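Report on the structure
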Amino acid sequence: MTYLIQGAKDDFEVVIGLEIHAQISSKAKLFSGAATEFGAKPNTQVSLVDAAMPGMLPTINAECIRQGVRTGLAMNAEINKFSVFDRKNYFYADLPQGYQISQFKHPIVGRGLVALDMGEGKTKNVGVERIHLEQDAGKSMHDQHPQLTYVDLNRSGVALMEIVSDPDMRSPEEASAYVAKIRSILRYIGSCDGNMEQGSMRADVNVSVRKLGEGLGTRCEIKNVNSLRFVRQAIEVEAQRQVDIIEDGGTIDQETRLFDPVKGETRSMRSKEEAHDYRYFPDPDLLPVEFDDAFIEAARATLPELPDVKRARFTQELGMNDYTAGVLVAEKDQADFFEALLAALVALTKKDASTIAPKASNWLTGDLFGALNKAGKTINDTPVSAQEGAELLALIEDGTISGRIAKDVFEIMFETGKGADAIVEEKGLKQVSDTGAIEAIIDEIVAANPGQLAQYRSGKNKLIGFFVGQVMKATGGKANPSVVNQLLKPKLDG
Amino acid sequence: MTGLTTLKISEARDMLAVGDISARELAEAHIAAVDTADGLNAFIVKTPEVALKQADAADARIKAGDAKAMTGIPVGIKDLFATKGIHTQACSHILRGFKPEYESTVTQNLWDDGAVMLGKLNMDEFAMGSSNETSYYGPVKNPWRAKGSNSDYVPGGSSGGSVASVAGYMAMGATASDTGGSIRQPASFTGTFGFKPTYGRCSRYGMVAFASSLDQAGTITRSVRDGAIMMESIAGFDIKDSTSVKMDVPNFEAALTGDIRGLRVGIPQEYHLAGMPGEIEALWHQGIEWLKAAGAEIVDINLPHTKYALPTYYIVAPAEASSNLSRYDGVRYGLRETGEGGGLNDMYDATRAAGFGQEVKRRIMIGTYVLSAGYYDAYYLKAQRVRRLIADDFKRAFANVDVMLTPTAPSAAFAFGEKSDDPLAMYLNDVFTVPASLAGLPGASVPAGLDASGLPLGLQILGKPWDEETVFKVSGVLEEAAAITAKPDLWWR
């Protein structure tokens, strides 16, 4: 479905490109040994280098280089065996060196490609222009004192990857799907935790509009958007703003803007007159980064199965439908849980994975996700583990409990954290499949309801449901429904 | 006590080893000498307590048989080397009150070898200057005066305090730094031996940065042998400096064999400057004759891009400096002036206006300009290309020769104020030292003679990358041949 903005005169298309800043999951900063933990007290994770003390020198953290290469590989990108760190010069209170060390002319990763799943089996390819490594700045805190600004340098020097897309997206949904996909890939390979609330991933969104068939319009960059929802909202309001200006006969100024989610608008951050001249030049304190094919291959060898490949395997080998597979692989933790659940279930039941996979995925996406959602929890703090879930499903498979009882057992598991076996044992929920016992109960029920029996025999076949219900009630739901059905019909038919 | 302060490092080392003198005696003599020389303004901070403590530790170490060559040797430290808990301000007002929590690798190497610190030495602000007149703490006076004159001369720069402390018998050696000639030119002006190693031989960790791709630590001493001893102590790979190189440090002193027979000495023809004083040309010629007499082969060579070296240097160095000095912003340490208006930009403006001297401001502005959009390609990028051509000149020439011999500076020491209002005249001081700096080569200035008025003149030896040993060897031969006996009279005492 094409996303078009209907102006008063013309229809406009929106063109979107994104720069995603992702914090590299690394214990130390990009050029110093200081820690990077989130939420530490201000200025407790600052080395002499991060504070730009006189005579201090940056030294490259090889782990950050490796994670940059892994990220490039996961996005099918060219890896540059020669890259250079440059200085981006500007003054700000939370930028201790007076420059940010970044990569300008020679980034570590070149062109790549990311495939987005747009539903109904449709995919959309988005080009990655480059990925470069850079330092984060510190944080200015303007709300601690009426006159003064405080500076926290904990983030100063933290390693970031800037992932720059081509202007390939044409709707807010595509843009948020792209961010979600990048986030998914980063989390799969562990190069970034993708936590947008804590700021370890944020996006600068470049938006322009054009009449259909025309060349690219002037773009505005919306800085530091930190959720998928805000990405969509920011694009919607910014595109509309630009269309309104153009239709009023105005022109778009290329500028940096800020999205205000409360007011639902974007605002200009600084005008062209204040635009920085960053005076990029190669950082003379650092040598160019050079590595060989062996380094790249070693990095490649550490990549896990990526979401696109996993999804194909789920649909092709496990016969999972495309939608469910998409849901499961979107989050690595969910996919991992599913695979653990399936493996445990196969081990317990000795059944074939493809046979039993639908039951596992149904239970996971239906029962567990539903319960987690209701409880405000995620798969990472689920009270029911994959192994425990498999034990529950195995009890259904071997006929120990019915699917109906299983739902009650699961509720108790979720609340108490107890295992399925223990709950079934404790509450006496074991399914009764003993034909003698069930037959005796059926005889009692039939004898006690002569009126219903007569009606049934006069043609009201549906009344069999009434009798099944009575039997189940009498057995506390434990009677094996198929055994009940099997025994009941001949009795009723006489 | 004068006897102890005129000793060379090599002599003191040998006397300390056999117990003829103690490190404490040596330290006390030098502390006293420093106190008599306030008029020279070489030391901006004195650290006698530190010196005595280190001297006692050195004596214990010598007694225990654990001494190194520098153990017990009193030295001065240029103010741009970070010394833990001690004034480190690159002689700039903007670092007012700054005492680092860390030690530079170069000075740490000295302390590890048992050297004794007398204090921090004056210098041009942020090492930007060739006369030590840009220091926030005022100029250093050259211990040398013209014959029969009471006028003062500049000591050269930027390591003016380093050379004055050594030429004036206050310190046996001093650390220095060379970006475009800041070791060699002042050594030439004061009759001292100045040595700048290959870029990457010494760690820059803890050295206040001027121009990172050029800055290199080195030494000032009263003899070539002392230079070899002290260089061996401060040099070495450091994981904290990505541009330091992982190579073993040779025994530099062992290179002083005096035997240069068959060695090929290049004489770059482009260094014959029009208008250069005749006595500089004459001294250079004398140097050639000395080396020839010692068995070296003299080869005329060409370094065709020499004339572009100075303009190239004065683009590259200010460009890097403009960025390196951005950290002095009043936010975290040093001077802070809040300025009118009370905003962040007001603070930057007021702090940097008050904190930096004229020459530093000039270079920040030049550097900012050459990196700006629209000028970058024409200036910075072109300068980088020319820098490569200059390095290629040397590479090509060194395929054919082992060392080069040139004058160190185009003149002897000059009077205060003579060039301080004319930046271009001042910059010309570095005309012979800058090319090797751009190429990262090792170089030395060896005292080789006196001008007509009795002021010292030096000759420069340049070597191949990492071949400091040959530079030392040839320097030693030159020193012996020159056999200079003249000394500054101790007029300031």
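Residues numbered from 1 in each chain as written. Chains lettered and ligands numbered in written order. Predicted model: local features only at pLDDT ≥ 70, side-chain atom pairs only at ≥ 80, totals over all residues.

**As for the overall build of chain B**
Across its full length, chain B carries 16 helices and eleven strands. The globule rule puts the C-alpha radius of gyration for 493 residues at 23 Å, and the 21 Å found for chain B is close to it. With respect to the three principal axes, the spread of C-alpha positions in chain B is 65 × 50 × 50 Å. A buried classification covers 60% of the 493 residues belonging to chain B. Excluding contacts between residues fewer than 6 apart, the proportion of contacts in chain B whose partners are at least 24 apart in sequence is 77%. (Helix = DSSP H or I, 4+ residues; strand = E, 2+ residues; numbered from the N terminus. Rg over C-alpha atoms; globule rule 2.2 N^0.38 Å. Buried ≥ 20, exposed ≤ 12 C-beta atoms within 10 Å, placed from the backbone. Contact = placed C-beta atoms within 7 Å.)

**Focus on the nonpolar core**
By size, the foremost hydrophobic cluster in this structure holds 144 residues, and its most contacted members are Val-75, Val-116, Leu-291, Val-403, Ile-461 and Leu-478 of chain B. Per element, the largest residue contribution to this core is eight residues, and it comes from helix α10 (residues 309-324) of chain B. Contact partners of Leu-291 of chain B, with chain neighbours within four places excluded, come to Ile-260, Val-265, Ala-296, Ile-298, Leu-405, Val-474, Val-477 and Leu-478 of chain B. In terms of nonpolar packing, the next biggest core, distinct from the first, is built from 76 residues, Val-128, Leu-153, Val-158 and Ala-177 of chain A among them. (Core = buried A, V, L, I, M, F, W, Y, C linked by C-beta atoms within 7 Å.)

**Notes on helix α15 (residues 481-493) of chain A**
Here α15 of chain A is 13 residues long and its end C-alpha atoms lie 18 Å apart, about the 18 Å a rise of 1.5 Å per residue gives. Just past α15 of chain A, the residue Gly-494 of chain A takes up positive phi, approximately 80°. (Expected span 1.5 Å × (residues − 1).)

**Some details on the sheet that holds strand β3 (residues 116-121) of chain B**
Residue and element names in this part refer to chain B. Taken in spatial order, the eleven strands of this open sheet run β1-β3-β2-β4-β6-β5-β10-β11-β9-β7-β8, and their pairing is mixed. The strands lining the two open edges of the sheet, one partner per strand, are β1 (43-46) and β8 (297-301). Averaged over neighbouring strand pairs, the angle between their axes works out to 30° when direction is ignored. Inspection of the sheet shows strand β4 (residues 173-178) paired to strand β6 (residues 216-221) by six bridges, in the antiparallel sense. Residue pairing in the sheet places Ala-176 in a bridge with Gly-218 of β6. Here helix α6 (residues 160-167) sits on the sheet and contacts β1, β2 (74-78), β3, β4 and β6; the angle it forms with β4, its principal contact strand, is near 155°. Lying on the sheet, helix α16 (residues 468-482) is in contact with β5 (193-196), β9 (403-407), β10 (443-450) and β11 (456-463); it crosses β10 at an angle near 5°. (Pairing = 2+ DSSP bridges. Axes fitted to C-alpha atoms, helices over the stretch in contact; angles between N-to-C directions.)

**So, the pairing of β6 of chain B**
All names here are of chain B. Counting buried positions along β6 yields six of six residues, so the element is predominantly enclosed. The two faces of β6 match: Gln-216, Gly-218 and Ile-220 on one face and Ala-217, Thr-219 and Thr-221 on the other face are all buried. Here β5 runs beside β6; their pairing, made up of three bridges, is antiparallel. Bridging across to β6, Phe-193 finds its partner in Thr-221.

**Details of the packing of helix α2 (residues 172-189) of chain A against helix α3 (residues 228-247) of chain A**
Residues and elements named next belong to chain A. Taken N-terminus to C-terminus, the directions of α2 and α3 make an angle of 150°; their axes are 9 Å apart at the nearest point. On the basis of their axis angle, the class for α2 and α3 is roughly antiparallel. Both α2 and α3 take part in a crossing whose hand is right-handed. Packed against α2, whose contacting residues are Pro-172, Glu-173, Ala-175, Ser-176, Val-179 and Ala-180, the element α3 presents Leu-228, Val-231, Arg-232, Ile-235 and Glu-236 at the interface. (Parallel < 35°, antiparallel > 145°, perpendicular 65-115°, else oblique. Left-handed = near helix turned anticlockwise from the far one by under 90°.)

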